[in-house]
Amino acid sequence: MTTIVLTARDMDLLAFLALHRECTIEQLATRFFARNPYSAAPNRNPEKQCARRVAVLQRHGYLETSRVADGRRRRVVVRVAAKSDAPLDERAARRTVNPKERVHHVKTLDAVHRIEASVRLRGGRVVEFRVEAAIRAAALRGRRTRRGDSFDAFPDAVCTVAFPTPHGERRERVAVEYVTSKYCDADIRAKHDSFAAVYDRTLWFADRPRTAARVKRLTGETCSLLS
């Protein structure tokens, strides 16, 4: 097998996957392959370019792929592999998503993508975001836990959003929560109360209209549908 030289975009992609665990080809294409990295010209088919580069990185042991059915279609999910440890200088390959939680994770990233697009239309930007696993790890780092300990609910993701003002930027920490029909009313109320005490606001997303209506009734906040 020929050797491979990791580009700056490759390194950004590997670091992004190590932090956020797993992403679909479409999500990576939008974030990293919308434009040619040298000329900055728009790519005609970002997903094709992304899939091609992912395949190369997979052949050389830097990435792994699998498929997940999100209820409407089967999507290719990408994660870092063991060979990514060296360039990232960490045990990146251990940061995976429980297979039972993959659909929820993918939908959460879909929600973040929608938020990023909405914020851009309003002239702002998403400075950064973290998924639940990273939020939980940061909150518990260096903290000794014992059996029976309880903690506030962690949102599916947190976005730091910035909007321009005459005096600089106004920043908000926004909780992101994807709710399915499996959530009971008590779960939704508990999450709402917990998030309200910590974050500037919460953006809710749901799997179906009935779930969105229930979130609206229980929290008084708008809940968007994810197709």
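Above this text you will find the structure in question.
Residues numbered from 1 in each chain as written. Predicted model: local features only at pLDDT ≥ 70, side-chain atom pairs only at ≥ 80, totals over all residues. Heavy atoms only, no water.

**Q** I'd like a description of the overall build of the protein chain, backed by residues and values.
**A** A tally of regular secondary structure across the protein chain gives eight helices and eight strands. Over its C-alpha atoms the protein chain spans a radius of gyration of 19 Å, differing by no more than 12% from the 17 Å that the globule rule assigns to 227 residues. The principal-axis extents of the C-alpha atoms in the protein chain amount to approximately 55 × 50 × 40 Å. A total of 227 residues make up the protein chain; the buried ones form 42% of that total. For the protein chain, restricting intrachain contacts to residue pairs at least 6 apart in sequence, the fraction spanning at least 24 positions comes to 57%. When the accessible surface of the protein chain is split by element, carbon and sulfur atoms take 48% of a total near 13200 Å². Computed over 45 positive and 27 negative side-chain charges, the separation of the two mean positions in the protein chain equals 4 Å. (Helix = DSSP H or I, 4+ residues; strand = E, 2+ residues; numbered from the N terminus. Rg over C-alpha atoms; globule rule 2.2 N^0.38 Å. Buried < 20%, exposed > 50% of the residue type's maximum accessible area, 1.4 Å probe, protein only. Contact = heavy atoms within 4.5 Å. Areas by Shrake-Rupley, 256 points an atom, 1.4 Å probe, with all protein chains shown as cover. Lys, Arg positive; Asp, Glu negative; His and termini not counted. Charge placed at Lys NZ, Arg CZ, Asp CG, Glu CD.)

**Q** An account of the side chain of glutamine 27 is needed here, citing residue identities and associated values.
**A** Inspection of the secondary structure puts glutamine 27 in helix α2 (residues 25-32). The buried category is assigned to glutamine 27, whose relative accessible area is 13%. Within the structure, the side chain of glutamine 27 is placed 2.9 Å from the side chain of aspartate 110, a separation counted as a polar contact. Once residues lying within four places of it in the same chain are set aside, the contact partners of glutamine 27 are Arg75, Val106, Leu109 and Asp110. (Polar contact = N/O pair within 3.5 Å; in protein donor to acceptor, adjacent residues only side chain to side chain.)

**Q** Go over α2, please, and point to the residues and values.
**A** A turn of α-helix holds 3.6 residues, and therefore any two residues three or four places apart point the same way. In terms of residue burial, α2 counts as a mostly covered element, since six of its eight residues are buried. For α2, every residue scored as buried is listed here: Ile25, Glu26, Gln27, Leu28, Ala29 and Phe32.

**Q** Which residues make up the environment of arginine 52, and what are the values?
**A** As for its position among the elements, arginine 52 is in helix α3 (residues 46-59). Classification of arginine 52 as partly exposed rests on a relative accessible area of 46%. Measuring from C-alpha to C-alpha, the distance between arginine 52 and lysine 100 comes to 28 Å, with 48 residues separating the pair along the chain.

**Q** I'd like a rundown of the packing of aromatic side chains, residues and numbers included.
**A** Applying the stated criterion across every chain, the model contains four aromatic pairs. Pairing phenylalanine 16 with phenylalanine 129 gives two aromatic rings, centres 6.0 Å apart and planes at 70°, and the pair type is edge-to-face. In this pair, phenylalanine 16 is assigned in helix α1 (residues 8-20) and phenylalanine 129 in strand β4 (residues 125-131), connecting sequence segments 113 residues apart. Take phenylalanine 16 and phenylalanine 129: they sit in the same class, and that class is buried. Arranged with centres 6.4 Å apart and planes meeting at 70°, the rings of phenylalanine 195 and tyrosine 199 form a pair that is edge-to-face. (Phe/Tyr/Trp six-rings, centres within 6.5 Å; stacked < 30°, edge-to-face > 60°.)

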